[in-house]
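These are the residues of each chain, in order.
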Amino acid sequence: MAQYILALDQGTTSSRAILFDREQNILSIRQHELTQQYPREGWVEQDPIEIWSTQYAAMLEVLAASGVSPREVAGIGITNQRETTILWERETGRPIYNAIVWQCRRTADIVDGLVAQGLSDHIRRTTGLVPDAYFSGTKIKWVLDHVEGAREKAARGDILFGTVDSWLVWKLTGGQAHVTDATNAARTMIFDIHKLDWDDTLLDALGIPRAMLPRVCSSSEIYGHVALPGGDIPIAGIAGDQQAALFGQTCFAPGDAKNTYGTGCFLLMNTGTQACESKNGLLTTIGIQLDGQTQYALEGSVFVGGAVIQWLRDEMRFFTDSRDAEYYAQKVPDTGGVYLVPAFTGLGAPHWDMYARGCIVGLTRGTRREHIIRAAQESIAYQVDDLLAAMGRDTGMPLGTLSVDGGASRDSFLMQFQADISNCTIRRPVIRETTALGACYLAGLATGVWRSRDELKQLWRCDTFYTPDMADETRRQLRAGWGKAVSRSLDWAERK
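This text gives an overview of the structure that appears in the document.

With that settled, consider the environment of proline 48. Within the secondary structure, proline 48 is located in helix α1 (residues 48–66). Here proline 48 falls in the buried class, since its relative accessible area comes to 1%. Separated by 116 residues in the primary sequence, proline 48 and valine 164 place their C-alpha atoms 8.6 Å from one another. When sequence neighbours within four positions are dropped, the list of residues in contact with proline 48 reads Ile86, Pro95, Tyr97, Asn98, Ala99 and Trp167.

This part takes up the pattern of salt bridges. Enumeration according to the criterion identifies 28 salt bridges in this entry. Two residues, arginine 82 and glutamate 83, come together in a salt bridge whose shortest N-O distance is 3.8 Å. The class for arginine 82 is buried, based on a relative accessible area of 2%. The class of glutamate 83 is buried, set by a relative accessible area of 2%. Across the pair arginine 368 and glutamate 370 runs a salt bridge whose closest N-O atoms are separated by 3.4 Å. One continuous salt-bridge network, built from bridges that share partners, spans Arg82, Glu83, Arg187, Asp241 and Glu299.

Before going further, it helps to examine the nonpolar core. Grouped together as the largest cluster of nonpolar side chains are 103 residues, with contacts concentrated most on Leu87, Ile190, Met212, Tyr261 and Leu402. Per element, the largest residue contribution to this core is 12 residues, and it comes from helix α12 (residues 369–395). Excluding its chain neighbours within four sequence positions, the residues that come into contact with methionine 212 are Leu87, Ile140, Leu144, Ala154, Ile159, Leu160, Phe161 and His178. With 34 residues, the next largest nonpolar core counts Ile51, Ala58, Leu63 and Ala99 among its residues.

Contact geometry of α12 with helix α13 (residues 412–422) gives a least axis separation of 9 Å together with a crossing angle of 45°. For the element pair α12 / α13, the angle class is oblique. Considering the relative orientation of α12 and α13, their crossing is right-handed. Residues Arg374, Gln377, Glu378, Ile380, Ala381, Tyr382, Val384, Asp385 and Leu388 of α12 touch α13, and the partners they reach there are Phe413, Leu414, Phe417, Gln418, Ile421 and Ser422. Residue classes in the contact of α12 with α13 are distributed as nine nonpolar, three polar and three charged.

Looking now at the sheet that holds strand β5 (residues 73–80). An order of β3-β2-β1-β5-β14-β13 is seen for the six strands of this open sheet, with the pairing classed as mixed. The two strands at the open ends of the sheet, each matched to only one other strand, are β3 (26–33) and β13 (220–228). Averaged over all adjacent pairs, the angle separating strand axes in this sheet is 25°, with direction ignored. As paired strands, strand β2 (residues 14–21) and β3 are joined by seven bridges and run antiparallel to one another. Across the sheet, residue arginine 16 finds its bridge partner in β3, namely glutamine 31. Strand contacts of α1: β1 (4–10), β2, β3, β5 and β13, with the helix running at about 150° to β3, the strand carrying the most contacts. In the packing of helix α14 (residues 434–447) onto the sheet, contacts are made with β1, β2, β5, β13 and β14 (231–240), and the angle to β5 comes to roughly 140°.

Quick notes on the rules
- Residues numbered from 1 in each chain as written.
- Predicted model: local features only at pLDDT ≥ 70, side-chain atom pairs only at ≥ 80, totals over all residues.
- Heavy atoms only, no water.
- Helix = DSSP H or I, 4+ residues; strand = E, 2+ residues; numbered from the N terminus.
- Buried < 20%, exposed > 50% of the residue type's maximum accessible area, 1.4 Å probe, protein only.
- Contact = heavy atoms within 4.5 Å.
- Salt bridge = Lys/Arg side-chain N within 4 Å of Asp/Glu carboxyl O.
- Core = buried A, V, L, I, M, F, W, Y, C linked by side-chain atoms within 4.5 Å.
- Axes fitted to C-alpha atoms, helices over the stretch in contact; angles between N-to-C directions.
- Parallel < 35°, antiparallel > 145°, perpendicular 65-115°, else oblique.
- Left-handed = near helix turned anticlockwise from the far one by under 90°.
- Nonpolar A, V, L, I, M, F, W, Y, C, P; charged D, E, K, R; others polar.
- Pairing = 2+ DSSP bridges.

Below, the structure written as C-alpha cells:
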C-alpha cells in the first residue's frame, strides 16, 4: 500500500509542495515564489498561469528530490489561498483575466451597493460573512463586468469560476473536474453555509450565473486523478489554507483554536456542528466537512500580519532579512510609546473598515528604528489579541491555550509577547507546516493511510509552550494605547 502523501500548498506569496510519510515526517519540500502585481492603489493581482506552473513545478521537483515514484503516493491534498478569484474558458482552459487576490480592494464600491440594497443581514445570516471586498463574490462580478462578452459566455457555462483550489484541480485533472470543497465555497460570500448550496439571492444581486460555479464537495474524498509518468495519483483532500491549518493543528473538538501567522493572521475556533453567529465582528464559516458531517468555526482575519515585516524590509529598508526583526525588537526594552497600525489594505475583524489605512503614532525625537521595528512586531500580536477578545465575548469563555503556526511563529519574541498581551498559553508544534499537514491529513483519511482523527492526534507533537509573564496593569495600559492608535487609522481613505 502507498504510504506517502503529497501536499500542495498554494499560498499568497509562493507555491509549495511537501511530501510526508505516514508518521508525519517531511521527506522533501520545494517552493517557488509568486509574483505580486499592483496595477493601481489597493489592487492586487496574480497570473493564474504562474500560479499553476509554479505549483506543478514544485510538485514534480519534490517527487524527483525524494526519489518517490507516483505509485508510492497514496494521494494529493490541496490547500490554497482563499477568496482569490480566477475565471477561465471551459474549452481552452485559458484565464480571461488575472487572478484577483483576496487582498484586493477594488470592489469596495460593489460591496457598498449590496449594503445599499439592504443585503447586509442576508449576507451575515446566509454566508456567515460580512459584506466586504475581501471575498470572492464581488470579484466575480467585477471580472464579468469588465471583460467583454464574459457574462454571456458565463451564462452558457463557457466561462468557469474557481478559487485557487478549483483552478489547480481543473488543471491537474486535464479539465475533468470542476470542483471545490465546502471550506473554500464558504469564503465566496455567495454560498449558504447552512443549506450547503449556492445562494440564489446573492447570485442574482451580483449577476453570477450558476452555470459557471464549481460542484461543492466534502474536504476529504477522491475528486479526480493526476496523470504522471510512473502512475496516476488521486487528488483526495481540499481545504482552504486556514481551515487546513485548523485541521493540521488537530483542533478537532469544539473550543479548540489556532492562529496562523502568515502574510495575514487568521484565528479560527472550532465550534462543532453548530454555526455560532458572532456579535463581535467575527465570521462564521465552515471549519471542515468530513464523513458526512459539517463542523463550523468562528474566524477572525488580520489582513496584514507578517506582511508588515516585509514592508519594513522591502519598502523602508530597515533590515535585509525578515528574521532580523526579532533581533532589533529586543534591542530596546519597549516601543518608547510608539504604535504602528498596519492597516495598509483596511482592517479586518473585529473592525471591518475597508477605508482604514496604516499609521504610526507616538513618535518623538528619541524614536529610533528599533522602536518602530518593535512596534511592528507588537502590532501583529495586538491584532490577534483583538480577535481573541472578540471570540471570548462570542463564546463566553476565555481561551486558555492557542495553537500557533505559520512563518512568524518561529519568532520567539513575537510568541512571548502574544502570550503576555493575550494572557494565554501559546502551543507551537514540532511540524510548523500545519497548513500542508492539514491537507495531508485530509488526503490520508480519504485514501486509508490513516483510519481516524484519533490516530492523527496521537502522531501530533508539540515543540514549545510560551506562558504569560506580564503584569495585569501593564497589559491594560498597552491594550489601551493600541486601541487609541487604531482609532486614528479608521475611515481614513476617501470613499468613492
